[in-house]
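Next come the chains, spelled out residue by residue.
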Amino acid sequence: METNPDRYVEAFMAQLIARNPGEPEFHQAVREVAESLAPHIAASPVLQKMKILERMTEPERVVIFRVPWLNDRGEIEINRGYRVQMNSAIGPYKGGIRFHASVNLSILKFLAFEQTFKNSLTTLPMGGGKGGADFNPKGKSDNEVMKFCQSYMTELARHIGRDTDVPAGDIGVGGREIGYLFGQYKRLRDEFTGTLTGKGRDWGGSPLRPEATGYGVCYFTEEMLATRGDSLAGKTVCISGSGNVAQYACEKATQLGAKVVTLSDSSGYVHDPEGIDAAKLEYVMELKNVFRGRIKEYADRYPQATYHPGERPWGVACDVAMPCATQNELDGNNAQALVDNGCICVVEGANMPSTPEAIRIFQRHRLLYAPGKAANAGGVATSGLEMCQNSMRLSWTPEEVDARLHGIMRDIHTMCVRYGTQADGYVNYAAGANIGGFMKVANAMLAQGCV
Ligand code: NDP
Ligand code: 2IT
């Protein structure tokens, strides 16, 4: 039994790194959690004897498979498909599918690990999983995307099911891809069930699932600001990304009275000092979702906006920053720039967008800082609501789903405050989310024995 928290973390991490070499994102995600949990685990003979954290960091199952498909020129292309089934202690595996050239086992294990805690925080019965492929959708025709999705699902179908593992979208996987994936799943299994979430409204999708992650980020932001007697109204907001999460974070922040001044993609960012209002956002949605264009076109359309190629938006002065693109997109220098420019609140729409150094800077300067596993949980929570509606074979109204989403985000905030409030009154949301998310999963694992 190791009773010193620092020694516990170092010994634990040394073992984890030796067992999982060459997986830096996975190491980073686990270390962040291990540091929060160390005081509790170092004080708990049961958690140590039952090897709870050791088991939580070993996926229950990983499948890796060949995904061959024919491109529009009739040539064979080969990608690598994955599904990481991390933890099923409190429900079926649940988590998105990512199609991006960078996808590898390290990234999917970090995402599946974080998902386990996030899903626990939603209070809904969902375990943790994540999948994807190193397929790059950029420049691919609809036909090629469909062929790829069908080939990916042909293998994945044997590993998933409504009570086993329920995938959804993530980077590179939105409504179009979920449609192709669902079509192939239904064809192979000859059953119409809610095995994927994020489906179209007319065929089993929940109202508000597309909006849910971004809206949830803003609801969570409102809760955080309220702890300091403040709100989003009148705030200047920097958002990165211009995909699903960024778009709906922009929409809701604007509805709540904030002015969103940036959006980005992997090529650069646009800065619109007048704010990206509803009409301009409609243009962005068409540009990104229909024409699959680049964010730089925004600056051609709206000449008061400037385009900054190859840069991230964190040098723009703002009150609130919402990183909504990808992991490690906000480093220590970016964090320092945000602090120097007067930013008071950082809310993660993406998964693990801030590097450990960035997080230390936010916390040292006592910013309101919320990790993705708490702040972006509205997406998977609404996926959980979609599963619930599918099981009942009925559909709730948008108002009903929105009210539930709002309630869930409020409850996650309360959980973070409960487990994350320090002696000096500062709320460490990262620690709160890690401890709050861990408790339920750990208790379930203890009850279920050595499995
Ligand atoms: P989308 O594919 O819709 O959008 C992703 C956005 O991020 C695009 O603007 C993309 O730009 C940008 N981006 C992707 N990779 C990079 C990179 N390496 N560097 C800079 N920019 C990049 O994905 P989502 O909006 O769904 O996901 C965004 C984040 O939110 C991810 O971290 C995801 O895991 C997380 N998330 C998503 C949820 C969901 O429900 N969809 C739920 C919870 C979290 P480009 O077009 O140039 O690639
Ligand atoms: O990271 C995430 O929480 C998601 N991509 C959503 C997962 C889901 O199952 O809705």
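Notes on the structure in this doc start here. (Residues numbered from 1 in each chain as written. Chains lettered and ligands numbered in written order. Predicted model: local features only at pLDDT ≥ 70, side-chain atom pairs only at ≥ 80, totals over all residues. Heavy atoms only, no water.)

Overview of the packing of aromatic side chains
Next up, step 1: Under the defined criterion, the tally for this structure stands at 20 aromatic pairs.
Next up, step 2: Taking the centre distance of 5.4 Å and the plane angle of 35 degrees together, the rings of Phe 182 and Trp 203 count as tilted. Of the two residues, Phe 182 sits in helix α7 (residues 175-189) while Trp 203 sits in the loop between α7 and α8 (209-226), which places them 21 residues apart along the sequence.
Next up, step 3: Taking relative accessible area as the criterion, Phe 182 reaches 3% and is therefore assigned buried. (Phe/Tyr/Trp six-rings, centres within 6.5 Å; stacked < 30°, edge-to-face > 60°. Helix = DSSP H or I, 4+ residues; strand = E, 2+ residues; numbered from the N terminus. Buried < 20%, exposed > 50% of the residue type's maximum accessible area, 1.4 Å probe, protein only.)

Points about the sheet that holds strand β5 (residues 165-169)
Next up, step 1: Read from one edge to the other, the open sheet built from five strands follows the order β1-β2-β4-β3-β5, with strand pairing classed as mixed. Lying at the two open borders of the sheet, with one neighbouring strand each, are β1 (61-70) and β5. The mean inter-strand angle of the sheet, taken between neighbouring strand axes irrespective of direction, is 20 degrees.
Next up, step 2: Bridging between strand β2 (residues 76-87) and strand β4 (residues 128-133) involves six bridges; their strand directions are antiparallel. Considered in β4, the bridge of Gln 85 is made with Gly 129.
Next up, step 3: Against the sheet, helix α6 (residues 142-156) makes contact with β1, β2, β3 (93-99), β4 and β5, and its axis sits at roughly 140 degrees relative to β1, the strand it touches most. (Pairing = 2+ DSSP bridges. Axes fitted to C-alpha atoms, helices over the stretch in contact; angles between N-to-C directions. Contact = heavy atoms within 4.5 Å.)

Some points on the site of ligand 1
Next up, step 1: The environment of ligand 1 is formed by 25 residues, the closest being Asp 170, Thr 213, Ser 266, Arg 294 and Asn 351.
Next up, step 2: Thr 213 places a polar side-chain atom, nitrogen or oxygen, 2.9 Å from an oxygen atom of ligand 1.
Next up, step 3: Within the backbone of Ala 325, an N or O atom sits 3.5 Å from an oxygen atom of ligand 1.
Next up, step 4: Computed on the free molecule, ligand 1 has an accessible area of 890 Å², of which 84% lies beneath the protein chains in the complex.
Next up, step 5: Listing elements by their share of the shell around ligand 1, those giving two or more residues are α8, α9 (244-255) and β7 (259-265).
Next up, step 6: A breakdown of the residues in the shell around ligand 1 according to their chemical character gives five nonpolar, 13 polar and seven charged. (Near = heavy atom within 4 Å. Polar contact = N/O pair within 3.5 Å; in protein donor to acceptor, adjacent residues only side chain to side chain. Areas by Shrake-Rupley, 256 points an atom, 1.4 Å probe, with all protein chains shown as cover. Nonpolar A, V, L, I, M, F, W, Y, C, P; charged D, E, K, R; others polar.)

So, the packing of helix α2 (residues 24-42) against helix α5 (residues 105-121)
Next up, step 1: Between α2 and α5, whose axes approach to 6 Å, the crossing angle comes to 25 degrees. What the angle tells us is that α2 and α5 run roughly parallel. Across from Pro 24, Glu 25, Phe 26, Ala 29, Val 30, Glu 32 and Val 33 in α2, the residues of α5 making contact are Ser 106, Ile 107, Lys 109, Phe 110, Phe 113, Glu 114 and Phe 117.
Next up, step 2: Its residues assigned to classes, the contact of α2 with α5 shows nine nonpolar, one polar and four charged. (Parallel < 35°, antiparallel > 145°, perpendicular 65-115°, else oblique.)

Details of the pattern of salt bridges
Next up, step 1: Per the stated rule, a full pass over the model turns up 24 salt bridges.
Next up, step 2: With a shortest N-O distance of 2.5 Å, Arg 176 and Asp 142 are connected by a salt bridge. Pair noted here: Arg 176 is in helix α7 and Asp 142 is in helix α6, with a separation of 34 residues, a long-range link.
Next up, step 3: Of the residues examined, Asp 142 reaches a relative accessible area of 45% and is grouped as partly exposed.
Next up, step 4: One salt bridge in this structure joins Asp 163 and Arg 162, with 3.8 Å as the shortest N-O distance.
Next up, step 5: Counted as one network, the salt bridges with shared partners bring together Glu 10, Arg 31 and Glu 35. (Salt bridge = Lys/Arg side-chain N within 4 Å of Asp/Glu carboxyl O.)

Regarding the environment of Thr 3
Next up, step 1: Position of Thr 3 among the secondary structure elements: in the segment before α1 (5-19).
Next up, step 2: Overall, Thr 3 belongs to the exposed group, its relative accessible area being 55%.
Next up, step 3: Taking the C-alpha atoms as reference, Thr 3 lies 35 Å from Phe 220; in sequence the two are 217 residues apart.

Details of the layout of surface pockets
Next up, step 1: Its volume calculated, the second largest pocket comes out at about 390 Å³.
Next up, step 2: Lining of the second largest pocket is provided by 21 residues; of these, Glu 32, Glu 35, Pro 356, Ile 359 and Ala 430 occupy positions nearest its centre.
Next up, step 3: If you tally residues by element for the lining of the second largest pocket, the top one is α2, at five residues.
Next up, step 4: Of the residues in the lining of the second largest pocket, the class split is seven nonpolar, seven polar and seven charged. (1 Å grid on protein atoms, 1.4 Å probe; cavity = no way out; pocket = protein on both sides within 12 Å on 5 of 7 lines; lining within 4 Å. Points joined across faces, edges and corners; volume = space filled by probe spheres on them.)

By themselves these figures say nothing about function.
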